[in-house]
Each structure stands twice: as C-alpha cells, then as structure tokens.
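A look at the structure
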2 protein chains.
Amino acid sequence: MPLGEFELIERFFANRGATRGDVRLAVGDDAAIIAPPAGTELVLALDTIVSGVHFPPDTSGRFVGHRALAVNLSDLAAMGATPAWALLGLTLPAADENWLGDFAAGLDGLAKRFGVALVGGDTTRGPLAVSLTLAGWVPTGQALRRAGARAGDEVWISGTVGDAGGGLAILQGRLDADGAAREQLLQRFLLPEPRTSLGQALRGVATACIDVSDGLAADLGRLCAAGGVGAVLETGRLPLSAALVAAAGADAALRLGLAAGDDYELLFTAPPAARRLIEALDSVPRLSRLGAISATPGVQWQGATVERDLAHGFDHFRN
Amino acid sequence: MPLGEFELIERFFANRGATRGDVRLAVGDDAAIIAPPAGTELVLALDTIVSGVHFPPDTSGRFVGHRALAVNLSDLAAMGATPAWALLGLTLPAADENWLGDFAAGLDGLAKRFGVALVGGDTTRGPLAVSLTLAGWVPTGQALRRAGARAGDEVWISGTVGDAGGGLAILQGRLDADGAAREQLLQRFLLPEPRTSLGQALRGVATACIDVSDGLAADLGRLCAAGGVGAVLETGRLPLSAALVAAAGADAALRLGLAAGDDYELLFTAPPAARRLIEALDSVPRLSRLGAISATPGVQWQGATVERDLAHGFDHFRN
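Another point: the pattern of salt bridges. With the rule as written, the count across this model stands at 33 salt bridges over all chains. A salt bridge links Asp108(A) to Lys112(A); its shortest N-O distance comes to 2.8 Å. Placement of the pair is Asp108(A) and Lys112(A) together in helix H3 (residues 97-113), with a separation of four residues, close to one helical turn. As a salt-bridge pair, Asp214(B) and Arg222(B) come within 2.9 Å of each other at their nearest N and O atoms. Among the ionic contacts, a cluster of salt bridges with common partners joins Asp163(A), Arg188(A), Arg195(A) and Glu265(A).

What follows is about the domain arrangement of chain A. Residue and element names in this part refer to chain A. Taken as a whole, chain A is organised into domain 1 (5-139) and domain 2 (154-312). Taken together, the links from domain 1 to domain 2 amount to two salt bridges. Across the salt bridge formed by Asp262 and Arg67, the nearest N and O atoms sit 3.5 Å from each other. Elements supplying a minimum of two residues to the side of domain 1 that touches domain 2: helix H2 (61-78), strand E4 (82-92) and strand E6 (129-139). With 11 residues, H2 is the single largest residue contributor to the side of domain 1 that touches domain 2. A class-by-class count of the residues in the side of domain 1 that touches domain 2 yields 12 nonpolar, six polar and four charged.

Right, let's get into the interface of chain A and chain B. Chain A puts 62 residues into the contact, and the matching count from chain B is 62 residues. Across the chain A to chain B interface the summed buried area is about 5,200 Å²; carbon plus sulfur atoms make up 57%. On inspection of chain A and its partner chain B, the count reaches six salt bridges. Linking Asp29(A) and Arg146(B) is a salt bridge whose minimum nitrogen-to-oxygen distance equals 3.9 Å.

This paragraph deals with helix H9 (residues 250-259) of chain A. For H9(A), the complete set of buried residues consists of Ala253(A), Leu254(A), Leu256(A), Gly257(A) and Leu258(A). If you follow the buried residues of H9(A), they end up packed against helix H4 (163-171), helix H7 (216-227), helix H8 (242-248) and strand E12 (298-302) of chain A.

Let us look at H7(A). Residue and element names in this part refer to chain A. The terminal C-alpha atoms of H7 lie 17 Å apart, and with 12 residues this matches the ideal 16 Å at 1.5 Å per residue to within 8%. The complete set of buried residues in H7 reads Leu216, Ala217, Ala218, Asp219, Leu220, Leu223 and Cys224. Trailing H7 by a residue or two, Gly228 shows a phi angle of about 65 degrees, which is positive.

Right, let's talk about unusual backbone geometry for a bit. The backbone of Asn15(A) shows a phi angle near 55 degrees, a positive value even though the residue is not glycine. Tracing the backbone shows Asn15(A) in the loop between helix H1 (5-12) and strand E1 (23-25). Overall, Asn15(A) belongs to the exposed group, its relative accessible area being 76%. Phi angles above zero are rare outside glycine, and Tyr264(B) is one such case at about 55 degrees. When you line up the elements, Tyr264(B) lands in the loop between helix H9 (250-259) and strand E10 (265-270). Since its relative accessible area comes to 7%, Tyr264(B) is described here as buried.

Each of the two copies of the chain can be brought onto the other by a rotation about an axis and a shift along it. Relative to chain B, chain A is turned by 180 degrees and slid 0.0 Å along the rotation axis, the superposed coordinates differing by an RMSD of 0.0 Å. A rotation of that kind, with that shift, is consistent with a two-fold axis.

What follows concerns the sheet that holds E4(A). With mixed pairing, the six strands of this open sheet are ordered in space as E5(A)-E4(A)-E6(A)-E3(A)-E2(B)-E1(B). Strands with a single pairing partner mark the edges of an open sheet, and in this sheet they are strand E5 (117-125) of chain A together with strand E1 (23-25) of chain B. Ignoring strand direction, the axes of neighbouring strands in this sheet form an average angle of 20 degrees. The sheet contact formed by E4(A) and E6(A) spans nine bridges and is antiparallel. Residue pairing in the sheet places Trp85(A) in a bridge with Ala135(A) of E6(A).

Looking at the element boundaries, Thr235(A) is found in the loop between strand E9 (230-234) and H8. Once the C-alpha coordinates of Thr235(A) and Asp96(A) are considered, the two residues, 139 residues apart in sequence, prove to be 46 Å apart.

On to the sheet that holds strand E2 (residues 32-34) of chain A. Taken together, the six strands give an open sheet; going across it, the order is E1(A)-E2(A)-E3(B)-E6(B)-E4(B)-E5(B), and neighbouring strands pair in mixed fashion. Strands with a single pairing partner mark the edges of an open sheet, and in this sheet they are E1 of chain A together with strand E5 (117-125) of chain B. Each strand of the sheet is rotated relative to its neighbour by a mean of 20 degrees, with strand direction disregarded. Relative to E2(A), E1(A) is paired through two bridges, and the arrangement is antiparallel. Among the inter-strand pairings, Leu25(A) is bridged to a residue of E2(A), identified as Ile33(A). Each of strand E3 (40-50), strand E4 (82-92) and strand E6 (129-139) of chain B is contacted by helix H2 (residues 61-78) of chain B, which is oriented at about 140 degrees to E3(B), the strand it contacts most.

Cut-offs and rules
Residues numbered from 1 in each chain as written. Chains lettered and ligands numbered in written order. Predicted model: local features only at pLDDT ≥ 70, side-chain atom pairs only at ≥ 80, totals over all residues. Heavy atoms only, no water. Salt bridge = Lys/Arg side-chain N within 4 Å of Asp/Glu carboxyl O. Helix = DSSP H or I, 4+ residues; strand = E, 2+ residues; numbered from the N terminus. Domains from an automatic or database assignment. Nonpolar A, V, L, I, M, F, W, Y, C, P; charged D, E, K, R; others polar. Contact = heavy atoms within 4.5 Å. Buried area = accessible area lost by both parts, 1.4 Å probe. Buried < 20%, exposed > 50% of the residue type's maximum accessible area, 1.4 Å probe, protein only. Expected span 1.5 Å × (residues − 1). Least-squares fit on C-alpha atoms with pLDDT ≥ 70 in both. Pairing = 2+ DSSP bridges. Axes fitted to C-alpha atoms, helices over the stretch in contact; angles between N-to-C directions.

Following this line, the structure appears as structure tokens:
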C-alpha cells in the first residue's frame, strides 16, 4: 500500500528543524502560526528548485533537501536577516521512502544548524520540484538591500567563486579533477553553505548586498543597476580556490569565477572608511576586495581580458 | 528573442495585488520586507497546484492564477486570519506571454479584492506548477484551529458542497449540464471563492475550523481526529445546490457533496449557545448546521445510506 499524504507528512516532515519557542502552531493544520520578536520586520524569500534545471535528476535526496533550504538561507543572508521559519512545497512523482528519508535528513540537518523550524507546507504529486519559503527577521529598518551602493564605495565578496560551477562541470563530465580538489568542488555544488552570520555582521556596515547565485558578473550587474551606479574591478583580485585553478586551469577558473552560478557567496559594498572594520570581521570564509563603485553605469574588469559575454549571467528563460 | 526572467517578473509580477503601507520592500530584491501590525501573530500557508493533478492541463492562465491564491486564502480563512502578503513560485515550461498575462490578471484581481500584496517569489523553467505562500495575521491568541471541538458542539458548514466536484466532472466529460446550472458548477470549480470574512467573524465563536478542500467527509474526519472526538450528522442537512441536484440527480449530488474536493467552504464547530449568534452572522453564503460532535471517535451519517468508501477523501499519493 503506497504511503498516503498524511502519513508521509507525519513521518518525514513533522517536528523537523530547530525547536523554537515562537512557533505557536506548526505542521498539521491549515496554516502555521508564529510570533516574530517585537521591534523587527519580517523578511520573506521563496525559491523553487526543479529537477533537471537546478540539479541533475539523479541527485541524492540529501543534497536536494539541503539545497532547497540553502538557497533561501542565502537570500536571507543577503538581507542581513536572522532565519527562523520555513514552509516546504514538495512535489514528487511518487512517495519513494528512501529518497524522502534522505531529503528530510538533508533539510533537517541544515535547518537545525541555522535555527530554522519547519512549520508547514504542502506535498503533492507531480514532476520533482521543491519550492521552499523561508521567513526571518531584521531589527526594524536594518535590512541590507541591493540598492544603496554609492560612487567610491568598495566592492567586497566572501569566499571563493566558481567552485560550484566547477563541481557541476565535474558531475556533468565536462571537467576532470581528482582527490581533494574533486571533493572540494563537488561539495561546493552539492552542499552550498549560506553566509548567514556574515550577512548579520554587515548590518549597519554594508551599503548594498546581494547573494551570488547566478554568477558574479550577473549579480554584480544587478547590484549596480539597483543603485544606478557602475563598478571598476580587477580580475587579479578575484578569489579563486587552488582546487578550481588546479582542476580547470587559470583561464577557465577565471571564466567560471565570473560567470558560473551557485556560489552563494555575499557580494557587498561599503565605504572605504569601513575597510578596517570589514577586515577585522571574524568572517569564515575570508573576504576579498574586488574594486570600487563608480558613478558611471557599467561594469569594467581590469587585468586579464574578459570577454563581453561573461557579463551575462544565467537566465532560466534564455539559456 | 525569448522573454528573460528579469523582464518576465518586471512585466507580469511587479506591483501586483493590493498596495499596502506595511510592505517595506517588494518584488526585485533577494527577499521581501514586511512590517506586520503590532499585537498580532503571523499566519503562514503554502499550497502547490500542479498541472494535470489540481487542474486540467489546458486550463486558462486566468483560472490557474486565481486558484493558486484562492486555495491559500481559504487556508487563512480557516484560521480566522486576515490575508496580507503573498510570494509566488511559478514554474512554467516556456514564457508564453498570453498565458502569463492571463495568469497575472487572475492572480492580481483576486489579490486586490482581498487586500493581498504580491511581495516576492521566483519564476523558473520546468513542468507547469504554482507554489504560492500567503502570509497574514490574527490578533495574538485568536487563531482558529482544527483541534478544539468538544462533545455537544454543533457542526456547521458554509455554502453548498459538491458543486466544484460537479464542475470538474463537466470539464472531464463525466457529467452533462446545461445553461445556468452548467455555468454555476463550472464557476465553483474554476473560480473558488475563499470565505475570508466568515473566518474572521468566527474568531472567538468557533471552537474548531477547517477548510473543505479534499471533500467534506475527509476534512470532517481530520477535524474530529485533531480534537479526539467524533460526530453524528444528518445527510438530509447537507447543503446541496439546486444546480448540482438538477445536473447529477439526488444520489450523485449527495456523493459529490460528501466526497468531492475543491469546495473551499468552512467547516466549523461551536457550542449550542452560539447558535443564535451564528445564525445572525451577516454571512454570504448561508450557513448550515449538519449535526453535533460526540465524545466517541468516528463519524456517523444518519439518513440516506452512505457507503463506507465515502468516508475516505482525496489523497494525492493514493488516488
């Protein structure tokens, strides 16, 4: 007898994620009830990931569960928000209990680590896709936004870029790598790590912030467009991991670093006066200064020749 | 040149729904920012509707846009909540501008009527599905829940049941109907009307409440299970529309009224002392008293013979 919707929810999704005192009613009613802290604004993000579009169809449930929450955690990190409550919309072709167990474990592990309670959602039958909504909060008026970068601000990015693109290329057989480099790149694609504590540390410091999900070039373009500004950056400052350079070579690593998606690092701007404060942040991973914001719209990369088409990022409806 | 994701969102989903002063940041950043009213709790619902599962694949975008929000409005109505902010997760195979225009219009019209602002979401490529998250609020502690029915409480339902099931049967060629009856049944399936103001009026009155989305029998079973109680009901009190009885005949109308889904009426319980107050509610549509809650678990229908299998409702993973 196949697993019914009620049993499926009860078995895999009741009491998942962190236990939070501000959850008044969780999974099992028509809706969830939460009590956000006083003096805050709510921050809400929704991301959908689809099999064959955002992850290969044969991806383990564990990685899909992790990714569905991680991409939303990254959105909230870019706002400087504290994540708290999630709703899961899971569409799957059949109730495969092994896959579901892995999926629930991947989601649950990340949710617990980031203090997120799974409070509700919907499971339905159809082509495999996960649409997750994450809610969190910021002290009133303190959210980071894409708009706000001013001429003279410096441009920063966390971690390294291009690694997830390298991991995807390995999975798709377009790139060879061995040993530790292979593991590191695969992990960056399969288990993205949101920069939540960095985002919160940037409240009151960064003038603009965006998470790098569609590639550095594309997301930098969005940050500049939102602020009506441009940027002048040095390709030599691009943070590329030794693993990526070893696997792909310097030229391809640079291309991946600029154009590949799924990094989930934070790209932000801050006035030069904030440089010492930023360098002193107890941030894991480390932060790199790429260049500066200019009053003239348009992004210029100085250093290695960058082809024009790298300025365009990933677009689900064009590519 | 195909429509890009950015242009698609800008053209079809920016500034949709109601304009609300408590929206600090809407569509276009990494996440939305809202400022809920003081003294309230947040109520959050997520529903996914999938082409071929929840609506026929050739359904007009207008009806799909309406339905995606209506099913969530119905969930919030069942909590007695005031709806306010929505996030849209739209997955579609290609950016068909006519379909998108119809979809956005269907969503926008209903959102404006119910004071809901579209504040964010995600569009992605894949098999047609809509996962919508709706957030709203209740005065702290006043939400209606499924649990709470007590022995002796009376059982009420709004409107008529089975009409949407009749409409779906017409669309699928399983039922014939003409003229006004046909139109009425089709409309009940294609343009469900959430019972939002009724839900709010029931705060402090109803002891338990659920929306009837999977069929009266199934949802009544859930309400009873949540409260650890049973119910004794009269089939003669089942509110069946003249249109449904004319199209399907009395027996089939009763079956549809008990077992068909998509009614989106409110099923609730209240003590007998509240009967006059309930009858005096300025409720559109009218309310019917079906019977009473019993201390013994299990649902008994008295009157016309009801087959055992009608006690089971629709389950996406069993049917």
